[in-house]
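Below, each chain spelled out in residue letters.
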Amino acid sequence: MYTSNRLLGGITLLAGVAIWLAADGIQIPADSHTLSPQFFPKLLAAALVALGGLLFILGQGQPLVAVLGKIRQPRNYQLVGCTLLFTLAFGHVDYRLLCPVYIAAALWVLGRR
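Residues numbered from 1 in each chain as written. Predicted model: local features only at pLDDT ≥ 70, side-chain atom pairs only at ≥ 80, totals over all residues. Heavy atoms only, no water.

### Some thoughts on the overall build of the protein chain
Along its length, the protein chain carries 5 helices and 0 strands. For the protein chain, whose C-alpha radius of gyration is 19 Å, the value lies well above the compact-globule estimate of 13 Å for 113 residues. Taking the principal axes of the C-alpha coordinates as reference, the protein chain spans close to 55 × 45 × 15 Å. The buried share of the protein chain, reckoned over its 113 residues, is 19%. Across the protein chain, contacts joining residues at least 24 apart in sequence account for 68% of those joining residues at least 6 apart. Surface accessibility of the protein chain: about 8,500 Å² in total, with carbon and sulfur atoms responsible for 73%. (Helix = DSSP H or I, 4+ residues; strand = E, 2+ residues; numbered from the N terminus. Rg over C-alpha atoms; globule rule 2.2 N^0.38 Å. Buried < 20%, exposed > 50% of the residue type's maximum accessible area, 1.4 Å probe, protein only. Contact = heavy atoms within 4.5 Å. Areas by Shrake-Rupley, 256 points an atom, 1.4 Å probe, with all protein chains shown as cover.)

Right under this line is the structure:
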């Protein structure tokens, strides 16, 4: 039986591998004598791989079915909708106006229990 921690560990592990592969494409200047631009993305990727692998191996937590049942609540879909609208409107509406509106909408959605 899969547990929530095992699923989260697998997703984190895959995200770490994806970030590592993406960081390989960063160009390193020939005259660079300090940390390369690849250093911090690869450091983050290594931490994600280590923590994700640990979660995946140890993987004790709630059963996956119980966790997924909690995620499928309407307020979570509303929050995803607010975030999608925020992302799509970001290029068209001023940041100073959009952010407080998004935060207020997200707090209103998350505040209802």
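### Thoughts on the side chain of lysine 42
Mapped onto the secondary structure, lysine 42 falls in helix H2 (residues 39–58). Residues within four places of lysine 42 in sequence aside, it is in contact with Trp20, Ala23 and Asp24.

### Thoughts on the environment of glycine 9
Relative to the helices and strands, glycine 9 is located in helix H1 (residues 4–24). Classification of glycine 9 as buried rests on a relative accessible area of 0%. The spatial distance from the C-alpha of glycine 9 to the C-alpha of glutamine 62 is 13 Å, given a sequence separation of 53 residues. When neighbours within four sequence positions are excluded, glycine 9 is seen to be in contact with Gly52, Leu55 and Phe56.

### A word on the pattern of salt bridges
With the rule as written, the count across this model stands at 2 salt bridges. Residue lysine 42 is joined to aspartate 24 by a salt bridge in which the shortest nitrogen-to-oxygen separation is 2.7 Å. Note that lysine 42 is positioned in helix H2 and aspartate 24 in helix H1, a separation of 18 residues in sequence. Look at lysine 42 and you get buried, because its relative accessible area is 17%. A salt bridge links aspartate 94 to arginine 96; its shortest N-O distance comes to 2.9 Å. Taking the relative accessible area as the measure of exposure, aspartate 94 reaches 39% and is therefore partly exposed. (Salt bridge = Lys/Arg side-chain N within 4 Å of Asp/Glu carboxyl O.)

### Observations concerning the packing of aromatic side chains
Applying the stated criterion to the full structure yields 4 aromatic pairs. When the centroid spacing of 5.5 Å and the interplanar angle of 70 degrees are considered together, the rings of phenylalanine 86 and phenylalanine 90 count as edge-to-face. When its relative accessible area of 40% is taken as the criterion, phenylalanine 90 is described as partly exposed. Feature note: the residues Phe86, Phe90, Tyr95 and Tyr102 constitute an aromatic cluster, connected by ring pairs. (Phe/Tyr/Trp six-rings, centres within 6.5 Å; stacked < 30°, edge-to-face > 60°.)

### Details of the packing of helix H4 (residues 74–89) against helix H5 (residues 95–111)
As a packed pair, H4 and H5 sit with axes 9 Å apart at the nearest point and diverge in direction by 175 degrees. Relative to H5, the element H4 is oriented roughly antiparallel. Packed against H4, whose contacting residues are Arg75, Gln78, Leu79, Cys82, Thr83, Phe86 and Ala89, the element H5 presents Leu98, Cys99, Tyr102, Ala105, Ala106, Val109 and Leu110 at the interface. Classifying every residue of the contact of H4 with H5 gives 11 nonpolar, 2 polar and 1 charged. (Axes fitted to C-alpha atoms, helices over the stretch in contact; angles between N-to-C directions. Parallel < 35°, antiparallel > 145°, perpendicular 65-115°, else oblique. Nonpolar A, V, L, I, M, F, W, Y, C, P; charged D, E, K, R; others polar.)

Note that all results are geometric; they support no functional claim without further evidence.
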